[in-house]
Structure formats: C-alpha cells, structure tokens
Amino acid sequence: MPVDAPTRAPTREGRRPGAVVAGLTARRAARSGLLWGYVFSLFVASTALGYAATYKTQTARDHLAATFGTNAAIDALIGPAHQIQTVAGFTAWRSLGVLSIVGAVWGLLAGSRLLRGEEDAGRWEVLVAGQTTRRRATGQALVGLGAGAATLWTLTAIVTTVVGRSAKVHIEAGQALFFALSLVAGATMFLAVGALSSQLAATRRQAAAYGGALLGLSYALRLVADSTSGFGWLRWVSPLGWVEELEPVVAQRALALLPIAGFTAALVVLTVWLAGRRDLGASVLPDRASALARTRLLSGTTGLAVRLARPTLVGWAAAIALFALVIGFIAKAAGTVITSSSSAEHAIARLGVSGTGARLFLGVTFLMVALLVALVAAGQAVAARTEEAEGQLDNLLVRPVHRASWLAGRLVVTATALVISGGLAGLSTWLGATSQHSHVGLGDLVSAGANIVPPAVCVLGVGVLALGFWPRAVSTAAYGLVAWSFLVDLIGGLIGLNHWVLDTSVFHQMAPAPAVSVHWSTDAVMVAIGVAMAAVGGLALARRDLQGN
Amino acid sequence: MDVKAIRTEGLSKRYGSVDALSDLDLEVAEGEVVGYLGPNGAGKTTTIRLLLGLIRPTRGRAEIFGLDSQRQAVEAHRRVAYVAGEANLWPSLTGAETLHLLGRVQGRVDSAYRDELIGRFDFDPSKKVRAYSKGNRQKLILIAALMTRADLLVLDEPTSGLDPLMEQAFRHSVHEAREQGQTIFLSSHILSEVEALCDRVGILRDGVLIDMGTLAELRHLSSLTVEATFDGSVPDLSRVPGVSSVEYDGRVVRCQVRGSVEPLLQVLAASSVHELLSREPSLEELFLAHYGASTEPEGKPPNAG
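Rules behind the numbers
Residues numbered from 1 in each chain as written. Chains lettered and ligands numbered in written order. Predicted model: local features only at pLDDT ≥ 70, side-chain atom pairs only at ≥ 80, totals over all residues. Helix = DSSP H or I, 4+ residues; strand = E, 2+ residues; numbered from the N terminus. Buried ≥ 20, exposed ≤ 12 C-beta atoms within 10 Å, placed from the backbone. Contact = placed C-beta atoms within 7 Å. Axes fitted to C-alpha atoms, helices over the stretch in contact; angles between N-to-C directions. Parallel < 35°, antiparallel > 145°, perpendicular 65-115°, else oblique. Left-handed = near helix turned anticlockwise from the far one by under 90°. Nonpolar A, V, L, I, M, F, W, Y, C, P; charged D, E, K, R; others polar. Pairing = 2+ DSSP bridges. Core = buried A, V, L, I, M, F, W, Y, C linked by C-beta atoms within 7 Å. Right-handed = clockwise from strand over helix to strand, strands pointing away. Domains from an automatic or database assignment. pLDDT = per-residue confidence, 0-100. Arc of directions from axis to C-beta.

Quick look at the overall build of chain B
Okay, so step 1: On a plain count of helices and strands, chain B comes out with ten helices and 14 strands.
Okay, so step 2: With the C-alpha coordinates of chain B rotated into their principal frame, the extents come out at 70 × 45 × 35 Å.
Okay, so step 3: For chain B, the proportion of its 305 residues judged to be buried stands at 43%.
Okay, so step 4: When contacts within chain B are restricted to residue pairs at least 6 apart in sequence, long-range pairs at least 24 apart make up 69% of them.

Shown next, in the form of structure tokens:
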C-alpha cells in the first residue's frame, strides 16, 4: 500500500516560536510583579500620607528626626534615617528599609519558582525539547523575569509620582522615578540570584535556601555596617547595602547603581552559561542522589509529615531565633532613645503600644516575629495542598488512611512547630536582652513568644478552610491574609483606619507584648477560631474529590 | 449472593457538562483477572479513582469486597493495592524509605517477596526518588503494591515507562499473583498485555462500557479470518453463506466468516486448496472493530448480529 505523502508542511503557530519561553515566563512574572506593585504602592502611599497626617507641625517632625536619626538600633533594623523631618525623606527611608527586603524575598522566590520550579515539574523539558536550546530558553526566561521587575517598577513609579505631586508629600517626578528604581533594585538583583541558584541547586527548595542564605548574609553585613562604627565599608560588599547607598529622594547617589547593575548582569551571564553546561534536571553543585535509608519516622502519616516538613521548619526556626536574638540585643539601646523622646513615644502609641524602654521597642518589633511565624503557618498550609496537587497524597489515601488523619498529622506537626517557634523567639529575645542587662524578664518574653502563635493558628485555619472548599486558592488565602494583616496593622494605626478594617488583621488582634501584658482571652478566641476553621475545612476535605493542579 | 471483589451499580461521574463515566455496572469475582480497555480519555482512570474513593460519584455506587468505596474506604483499602500510571512520590525520600513507609501504612508486607521483587525488577532502592527515571519510579510503585500481596490489585496502565524486559517481569508477577488467588483489575491500552494476562475484558468508550466478556466470547461475536491458496482455478466465494469481505490476490483468497464455517468448507473441498490458514481475530482487531465503527449506535457491540 502506498504511503500517503504529506499534503502540506506543518504550519507555524504564532509569529515567533523561539520566544515562547520568554512569553510564558513574562506573563507569570508580570502577574506576580503587578500584585506586588500594588503592595509596594500601597505601602509608599500610606507611609507618605500617614506621616503627613500624623506629624502636622515641623516641631513634631524635628522631634521625630532627633529620635530616630540618632538611633543605632533602628539604623540596624531598617537602615539609617536621613532627613526624616520631611515627608519625602521619611517615606523614602521607611519604604526602602522595608520594601527592599520584601522585594528581595519576592525576587528570590519568583526567580527560583519560574526556573527551577518549572524544571522540577517537568514543564521545562517540554519547552526545551522544542525549537530552542537550554541556553537560549534560559536567556528567554531571564527576559521574562525582567518583564516582571519592569512591571513592579512601572506600577510603583506611577503611584510614587502621583503621590509625590501632592503638596503635602512633595517628591519631584525625577526623584519619584529614581525612588521607584531604588525600591525594585533589591527585587531585581534577587530575581537574578533566584535564577542562578536554580542552576546550582537540584530542587526548587534548595535553590530558595541557597538564595535565602545570600539574602541573610547580605542583611547581616548591612546590619553590621549600619550599627558598628568603622565598618561602614561593609555596606559596599552587600547587595542590600548598595540599595541603601542609593539614598533615593535625599541624596540620590546614582553611583551605587553601578554595583547593582554589574551584579545583576554578572549573575545573568553566569546563569545562561551554567544552563548550557549542565544536564536538564541536574544541578551544578553535587547533589546526593543516594542516601542511607532513615526509616525511624516513616511508620505513619504523622511521621512522614515530620520528615517532609523538618528541613523547612528547622530553617525557619533558626531564622526566627536569630532575628529574635538581634532585637533582644538592641532592645535596650533602642528603648532608651524612644523613652527620651515624647514624639517617638507618641508615634509608637499610635501602633497601640505603650510602656517604657526596651519593652516598648520589643512590643513593636515582635510584630515582625509574628509575621515570620505566620508565614510558617501559611507555608505549611500550602505544603499540604501541594502534596495533594502533585499526586503524592494519592499514595497514602489508596491505602488504609483516613483523609482526616493525614490532615491531622500535618496540622499537629505545624502547630508544634508554631509553638516551638514562639517559644524560641521569646527565649532568644531574652538571651539577647539579658546580655545587655535590659531587665525584661524571661517569663514576660516567653509569654510574648506564646502570644504570637494565635495569629499564626488563625492563618493556618484559613489555609485549611481553603483546602477544604477551594483547594486551588490555598496559597492566595493563606499568604493573602498574612500580607493583608501585616500591612493593615503596620499602616492602619498611622493613618487612622476604620476599626472594622483594622479588626480584619490577625496581628491587630494580638496584644503588643511585652510592651503590654498578653490578653490571654483574646488569644484563646483566636486559637478557637483557627481550630474551628481547620475543623470545617477538614470535614469539607473528607467530602470532596481529590484535585490535581 | 457471594461477595464480589469489585461491584459497581450505575456508577457515574460528571465533570461540568462532560460525562466521564456513565452508568457503569461491573462485577469482578474473586480470583479473576479482568482487563479494562479503552483509549485515552475513555474513563478508565475515572473508574479506578471512583473505586478507590479518591473522587465521589455523581450517581451510583461502588463496592470492594462488599465494602462501600466511599463510606468504608479505609476498610476496603486494607485489601487493595493500587498502581497508578504515573508515579508521583515524595522526591526527597529514597526508594527504600518509600517502600518502608508505604508498607507500614498498608499494614502488611511480605518482606521476602519484596526483596525478590527488587531483584526481579533490577531496582536500586538506595537512590532518592527525584534521581530515578520514570521507569524506575514505576518499578517502585509496582513493588510497593505487589509486596503487600493484597487480595485485589488495581493496576492503572502499570507498565508505562517499563522496558520489554521489565514488562516480562511484570507479567510474571501478575501470573504469580493470580496463582495466589489474588484478584486483578488491569486497565491498559497495551492490548498484548491484556490478551496475555486477562480472563475477561471490558471495553470502555466515551465513559460507557460497551462490551464485557471473555476473549472467547468477544471473539465468538466477531468473524474468523480465512486465507486460502489454490492450486488451480479460484472459486467464487462471495455467495457462500456467512462469508464476507472477500479479497482476491492472484491465487490467494482472503475472507471473513461469521457463524458456521460448514458452507465455506464445502466449497473449498470441491476445489484444489494448496494451503488453508484461519485465525481468530486478535484483541487489537476486536478493539479496532469497536472503535473504528464510530457510527455504530453506542452500547451495542458493532459486530453482534
């Protein structure tokens, strides 16, 4: 039988088959950049307008500058303050200090997700098998990440320019564009870090851990440079230090853009080069493909949950303990300055905190610790959903395992981790504080540590509720609640938000211990709500179809 | 009434406006090896996920050894082992750790048999799951299922990614399981595999079970292929009762016979036949007959009649 000759050549779908990877990556990076652009914009706008509304007179502003401008502790946390007696100066300082770190975390996670995450999922293989090479595809993915950073910058720049035009704020258009550039510089560098660590590591989690270690080191170097005299040069070896050197609005040092651009470009080139040198799915750094069997924990679903979550939870606990140690260490110095200035005390009182000295400082900064613990809860809710979405859960549920007992195992492990994290936070803060003779008691700090657990339990409850009813929305619900709560609590007090809005923040419900005593009854209610939501979510999970990605 | 290994009544699953499975009535007796055939998207995996209680039926019900798939899933699963077509395992665990975990969760393992299977499938359990190829991951979930010696093995395209040697090892293991009296429900689209292993075969199309029976029964409904080579003149076979699709190729004649072969033999005996070949349709031919005739009304075997 004659073979049918092909009647026509395959047609070209779309114009540029070679640009598929860039398009796919750009779409996802830009969507994420847009979301975080809103967060950045909201933060900048609310900081500026909140400051203008709170410190109406120049006298009040000078007081504030006298307080924070000379405070080594605050310098250490979010960088030194310059010209914070002006709205523009304060906004630049506060926004850059917080958002460069937030942006770096975003960049790291987005970069590793869109490169190593796609490769882990096997989707990269399909793309690279098409009309492209590993190197070209990686280059395109980097262009896509660039589009994400550009989106973040564009939205931030627009809002900063608009807010800057307000007579109360007064940031010129050119300054606003440079300011927005400074705000996204950390994000851009760490997008590249995420892309490079995606080549070095064997899994997405490993890639995020490598990048996270660099971010931690970068923060630590900057912290030492800003808080220790004679070590200011260290700022020039830290990516976060370069961002700080930009000093947007105030000094606008474009020179610091050089190391930022050079660092990013070097990482991009290295990433593309390494992508061509390694095998698909393999890592550049050696990965142990074999291991001795460690079966002690692997006798049931709870043991498995411990085994799977342990590396992540240990990493978080270490980060939380370290952060708590640092704030404990600087609490006395920071507290002394706060209590010597009535305007600073007034500012902090607006966050709902009162008290004296180190306690007051710790009451404010424990919000950051609470944020970290809540992120642990959100991450574990997402991990449970991922186990379902990737089909690993099937292996358990086709065996004699109740869905409820699988979920309960995971929740018990998470809850234990939250309590341990809270306890470690209290203990480490006490160690740091005691080394400086801060006179804040162990009991108070352990209570303050326990006090940050209930908001995290609420976040976990919302995550599990989503797992039961809207499994594909677990990540949005859990991380969304954390981000919403944090921003509302941080800026709500400054700009006098309606209490109904404030009440939606899980952190607002939490008493700012150790500045004030813990409201155990409120905490109990929060835990009860979290447990109830988790229970309802668990019941819904038992009655629905399992769903993949 | 004796308890069936698998029994479904009007089992149906609807996703939006698509009927993934419609009114499935299926019975698999204990000790039977049943093949479940159908092209991609016919509803094979949906059936299996319903049987295992991973998804919930829109209508109808399913039982495993008399236990309801939804309400008594955990009790039912004590007697079931399942192999998925795609092995999604925890990437950070090693093969040995995975086998240990899944064995402990199942609650019973024949350790000697497990070690034998590891040897038979030439599997290295010391590696991490993320370092295994697709074929090796498939071996891992096969070993994890077989080592429990469960009363019912539910296999959903279990040999995807296995090389021919390992396919042989798999068939050997299924034969062993059958000799042990285990029931096997094998979903596949590898027809030779089903033909070699199964007592009965069900054929699924667009979510509807369109045929179910032993291979002999399915063949009985279909025609026999006969090929005759003649020394001398070639007789006209087109008017012989029961004969159809006559093809002439020189002195070779090919035709299909349905029902009794007696009339054809009478005609052939009167001619000088040099060579006579006849064979049953392969499962592939049966299968293609079901799917090729897409204009046939659904639910009725196209060759019945």
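Quick look at the overall build of chain A
Okay, so step 1: A count of helices and strands for chain A gives 21 helices and zero strands.
Okay, so step 2: Residues classed as buried in chain A amount to 52% of the 549 residues present.
Okay, so step 3: Put simply, 76% of the contacts in chain A that link residues at least 6 apart link residues at least 24 apart.

Topic: the packing of helix α7 (residues 173-200) of chain A against helix α10 (residues 257-277) of chain A
Residue and element names in this part refer to chain A.
Okay, so step 1: Following both chains from N to C, one finds α7 and α10 inclined at 20°, their axes separated by 9 Å at the closest point. Of the possible angle classes, the one that applies to α7 and α10 is roughly parallel. With respect to the hand of their crossing, α7 and α10 are arranged in left-handed fashion. Facing Ala185, Thr188, Met189, Ala192, Val193, Ala195, Leu196 and Gln199 of α7, the residues of α10 in contact are Ile260, Phe263, Thr264, Leu267, Val268, Leu270, Thr271, Leu274 and Ala275.
Okay, so step 2: Across the contact of α7 with α10, the residue classes break down as 13 nonpolar, four polar and no charged.

Looking at the sheet that holds strand β10 (residues 208-214) of chain B
Residues and elements named next belong to chain B.
Okay, so step 1: Spatially, six strands are ordered β6-β7-β8-β3-β9-β10 in an open sheet, and the strand pairing comes out mixed. Among the strands making up the open sheet, the edge pair consists of β6 (80-83) and β10. When strand polarity is set aside, the average angle formed by the axes of neighbouring strands in this sheet is 15°.
Okay, so step 2: Relative to β10, strand β9 (residues 200-205) is paired through six bridges, and the arrangement is antiparallel. Bridge pairing in β10 places Leu204 opposite Leu209.

A look at the nonpolar core
Residues and elements named next belong to chain A.
Okay, so step 1: Counting 158 residues, the largest nonpolar core has Val373, Ala456, Val459 and Ala478 as its most contacted members.
Okay, so step 2: Sort the elements by how many residues they give to this core and helix α13 (residues 357-389) lands first, with 17 residues.
Okay, so step 3: Beyond its immediate stretch of four places on either side in the chain, Val373 contacts Ile320, Leu418, Ser421, Gly422, Ile452, Val453 and Ala456.
Okay, so step 4: In terms of nonpolar packing, the next biggest core, distinct from the first, is built from 78 residues, Leu99, Leu115, Ile171 and Leu196 among them.

Description of the environment of Ser160(B)
Residues and elements named next belong to chain B.
Okay, so step 1: One can find Ser160 in the loop between β7 (152-156) and α6 (164-179).
Okay, so step 2: By C-beta crowding, Ser160 is classed as partly exposed, having 16 other C-beta atoms within 10 Å.
Okay, so step 3: Sequence spacing of Ser160 and Glu86 is 74 residues, and the spatial spacing of their C-alpha atoms is 7.8 Å.
Okay, so step 4: Apart from the residues lying within four places of it in its own chain, the contact partners of Ser160 are Gly85 and Gln138.

Topic: the pairing of β7(B)
Residues and elements named next belong to chain B.
Okay, so step 1: Summarising burial for β7: five of the five residues are buried, a large majority.
Okay, so step 2: Here β7 shows two buried faces, one formed by Leu152, Val154 and Asp156 and the other by Leu153 and Leu155.
Okay, so step 3: One ladder, built from four bridges, connects β6 with β7; its direction is parallel. Pairing of Tyr82 across the sheet is with Val154, part of β7.
Okay, so step 4: Sheet topology places β7 next to strand β8 (residues 183-188); five bridges connect them, and they run parallel. Considered in β8, the bridge of Asp156 is made with Ser187.
Okay, so step 5: On the question of chirality, the crossover connecting β7 to the parallel β8 by way of α6 is right-handed.

What to know about the domain arrangement of chain B
Okay, so step 1: Parsing chain B into structural domains produces domain 1 (6-213) and domain 2 (223-280).
Okay, so step 2: Computed over C-alpha atoms only, the centres of domain 1 of chain B and domain 2 of chain B are separated by 44 Å.

Some details on unusual backbone geometry
Excluding glycine, a negative phi dihedral is what most residues carry, and trans is how most peptide bonds are arranged.
Okay, so step 1: Ala513(A) connects to Pro514(A) through a cis peptide bond whose omega is 5°.
Okay, so step 2: One can find Pro514(A) in the loop between α20 (506-509) and α21 (520-542).
Okay, so step 3: Despite not being glycine, Ser245(B) has its phi angle at roughly 50°, a positive value.
Okay, so step 4: With respect to the helices and strands, the residue Ser245(B) is situated in strand β12 (residues 243-249).

Here's the deal with the sheet that holds strand β5 (residues 67-68) of chain B
Residue and element names in this part refer to chain B.
Okay, so step 1: Judged by pairing direction, the sheet is antiparallel, and its four strands sit side by side in the order β2-β1-β4-β5 without closing on themselves. Each edge of the open sheet is held by one strand with a lone partner, namely β2 (18-28) and β5.
Okay, so step 2: Relative to strand β4 (residues 59-64), strand β1 (residues 6-15) runs antiparallel, the two being bridged by five bridges. Within the sheet, the bridge partner assigned to Ser12 lies in β4 and is Arg59.

Observations regarding the interface of chain A and chain B
Okay, so step 1: At the junction of the two partners, chain A supplies 26 residues and chain B supplies 28 residues.
Okay, so step 2: Top element by residues in the side of chain A that touches chain B is helix α14 (residues 392-397) of chain A. It accounts for five residues.
Okay, so step 3: Class assignment of the residues belonging to the side of chain A that touches chain B gives a composition of twelve nonpolar, nine polar and five charged.

Brief notes about the environment of Val268(A)
Okay, so step 1: Examined against the element boundaries, Val268(A) turns out to sit in helix α10.
Okay, so step 2: If we ignore the near neighbours within four places in the chain, the residues touching Val268(A) are Leu142(A) and Ala192(A).

Concerning the environment of Arg171(B)
Okay, so step 1: Within the element layout of this structure, Arg171(B) appears in helix α6.
Okay, so step 2: Apart from residues lying up to four places away in sequence, Arg171(B) is in contact with Ala196(B) and Leu197(B).

Some remarks on the packing of α13(A) against helix α17 (residues 453-469) of chain A
All names here are of chain A.
Okay, so step 1: Interaxial distance between α13 and α17 falls to 8 Å at its minimum, and their mutual angle equals 20°. Overall, the two elements α13 and α17 adopt an arrangement that is roughly parallel. In this structure, the crossing between α13 and α17 has a hand that is right-handed. Contacts from Ala370, Val373, Ala374, Val376, Ala377, Ala378, Gln380, Ala381, Ala384 and Arg385 in α13 reach Val453, Pro455, Ala456, Val459, Leu460, Gly463, Val464 and Leu467 in α17.
Okay, so step 2: Counted by class, the contact of α13 with α17 contains 15 nonpolar, two polar and one charged residues.

Quick notes on the confidence of the model for chain B
Residues and elements named next belong to chain B.
Okay, so step 1: In the predicted model, chain B carries a mean pLDDT of 88, and 93% of its residues have values of at least 70.
Okay, so step 2: Below a pLDDT of 50 lies the segment residues 293-305, which in the model reaches 15 contacts outside its immediate sequence neighbourhood of four places, other chains included.
Okay, so step 3: Reported confidences for the modelled complex are a pTM of 0.81 and an ipTM of 0.83.

Some thoughts on helix α16 (residues 442-451) of chain A
All names here are of chain A.
Okay, so step 1: Within α16 the residues assigned to the buried category are Leu445, Ala448, Gly449 and Asn451. Within α16, the buried residues cover an arc of 160° as seen down the axis, which keeps them to one side.
Okay, so step 2: Its buried side turned inward, α16 meets α13, α15 (403-435) and α21.

So, the pairing of β1(B)
All names here are of chain B.
Okay, so step 1: Relative to β2, β1 runs antiparallel, the two being bridged by seven bridges. Directly across from Thr8, in β2, lies its bridge partner Leu26.
Okay, so step 2: Hairpin remark: β1 followed by β2, antiparallel, with two residues in the connecting loop; positive phi at Gly16, about 60°.

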